[in-house]
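Each chain is listed here by its residues.
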Amino acid sequence: MPASTLPQIHYFDLSNFTFQDGTTLPSARLAYLDLNHEASKVAVIPTCFRGRLHSTLNFSSGVFKGYRVIVVALFGNGESSSPSNTVGFPRLLDYRDCVRAQRLLVDHLGIGSIDVMVGFSMGGQTVYHWLLTYPGFVKNGVIVCSSARTSRHNYQFLEGPRAALESSSDYSGFGGHLEGPKPIRGLRAFGKAYSAWLTSAEWFEEEGYKALGYETMAAWDQEVAGTNYDDWHPDDLLVMLRMWQNGDVSKCVESSHGSVQDALSQVTARVLLMPSKTDQYFRWEVSEREAQWLPDATLEVIPSIWGHSAGGGINEQDTRWMDQRIAQFLGGTQ
């Protein structure tokens with residue numbers, strides 16, 4: 001879509017915002033889209049890891065065509081406050097930071113309740129934190145390719161790209177790239193270490209990259225695992241990655257004493273869980289278990305070879321499948 005036709009990005013300023021680690025910024029901000037703002041029903045969609053506002057799947061031409069759709073950028077994504085654009089930004093982020101700021105935005109917009117909140121990957125973990133931080137405020141949660149707590153396996157997978165970037169000869173450490181050249185070598189090493197995890201073994205064997213217009217895996221690798229990372233700031237990637245690694249909704253419920261099962265048993269919203277059958281790090285079996293712990297949950301497993309990326313809108317067939325399942329789920333509330 002040409003830049004001139006893209007929806008306008010809005011900004012919401014947060015004065016003297018204090019993060020979970022104790023850092024207080026005199027001025028922070030959230031970037032967001034406000035689509036179809038005259039509609040009465042409201043859908044809120046937080047971005048994911050490496051998600052930007054205009055690239056986030058928002059279903060606004062599908063199931064949410066009659067909704068006011070608010071797409072909000074997570075802290076650290078380079079559009080909302082992040083290490084790349086905010087002096088003194090904390091090294092450690094917490095999902096609760098994002099959720100508290102988003103609630104302030106929603107209040108500012110005069111929204112008294114949210115009909116549905118949808119999140120993919122880190123966005124899904126954000127939705128989980130919303131449901132437990134502000135019980136009753138969100139009527140329906142849709143969590144795509146995500147989990148209530150980041151697994152040990154998921155945590156360790158992320159150590160690979162993190163180490164590749166931080167060990168690169170051109171990375172100068174946190175805060176070392178506010179001015180001057182980016183560590184392109186390190187960014188592309190990050191992308192290379194991440195690349196095989198995006199989809200699945202089946203996707204590679206069936207040459208799924210050809211559906212994206214790449215004739216060879218080498219051509220796909222050069223862009224997706226290489227140049228696609230050139231416009232990212234290294235510290236933005238690292239603070240979001242650490243937030244992802246430490247994701248755990250039990251922190252939202254003191255009485256759960258670290259039990260995800262106890263925490264999820266207190267969710268009051270209806271929840272649709274849509275994991276991908278071939279996701280390598282947000283495993284569908286985890287969503288199956290979480291569905292048993294939630295009081296009112298529906299589980300729909302995306303039948304796709306596109307792995308984790310199936311939930312991000314990259315494959316039209318998977319996107320149509322999800323749109324239909326969300327419509328069926330919300331139809332139960334009519």
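A. Local environment of the side chain of T86. By secondary structure assignment, the location of T86 is in the loop between β4 (67-72) and α1 (95-108). Classification of T86 by relative accessible area gives buried; the value is 12%. In terms of polar contacts, T86 uses its side chain to reach the side chain of N85, at 2.7 Å. Setting aside residues no more than four positions away along its own chain, T86 makes contact with L25, S27 and S81.

B. Inspection of empty space enclosed by the protein at higher detail. In this structure the tally under the stated criterion is one cavity of 30 Å³ or more. Taken as a whole, the largest cavity spans an internal volume of roughly 40 Å³. S146, S147, R149, S151, N154, Y281, F282, R283 and V286 are the residues that line the largest cavity. Residue composition of the lining of the largest cavity, by class: three nonpolar, four polar and two charged.

C. View of the pairing of strand β7 (residues 270-274). Burial analysis of β7 places four of its five residues in the buried class, the great majority of the element. Across three bridges, the pairing between β7 and strand β8 (residues 297-299) is parallel. Each residue of the ladder has a partner; that of V271, found in β8, is A297. Regarding the hand of the β-α-β motif, the stretch spanning β7, helix α9 (residues 284-293) and β8 is right-handed.

D. Region of the structure containing the nonpolar core. Of all hydrophobic cores here, the largest spans 68 residues; its most connected members are F49, F75, I114, W130, Y194 and W244. Here this core gets seven residues from one element, more than from any other, and that element is helix α7 (residues 234-245). For F49, the contacting residues outside a window of four places in its chain are M122, F190, Y194, L237, M240, L241 and W244. Ranked by size, the runner-up nonpolar core spans 36 residues in total, among them A43, I45, V71 and Y209.

The rules behind each value
Residues numbered from 1 in each chain as written. Predicted model: local features only at pLDDT ≥ 70, side-chain atom pairs only at ≥ 80, totals over all residues. Heavy atoms only, no water. Helix = DSSP H or I, 4+ residues; strand = E, 2+ residues; numbered from the N terminus. Buried < 20%, exposed > 50% of the residue type's maximum accessible area, 1.4 Å probe, protein only. Polar contact = N/O pair within 3.5 Å; in protein donor to acceptor, adjacent residues only side chain to side chain. Contact = heavy atoms within 4.5 Å. 1 Å grid on protein atoms, 1.4 Å probe; cavity = no way out; pocket = protein on both sides within 12 Å on 5 of 7 lines; lining within 4 Å. Points joined across faces, edges and corners; volume = space filled by probe spheres on them. Nonpolar A, V, L, I, M, F, W, Y, C, P; charged D, E, K, R; others polar. Pairing = 2+ DSSP bridges. Right-handed = clockwise from strand over helix to strand, strands pointing away. Core = buried A, V, L, I, M, F, W, Y, C linked by side-chain atoms within 4.5 Å.

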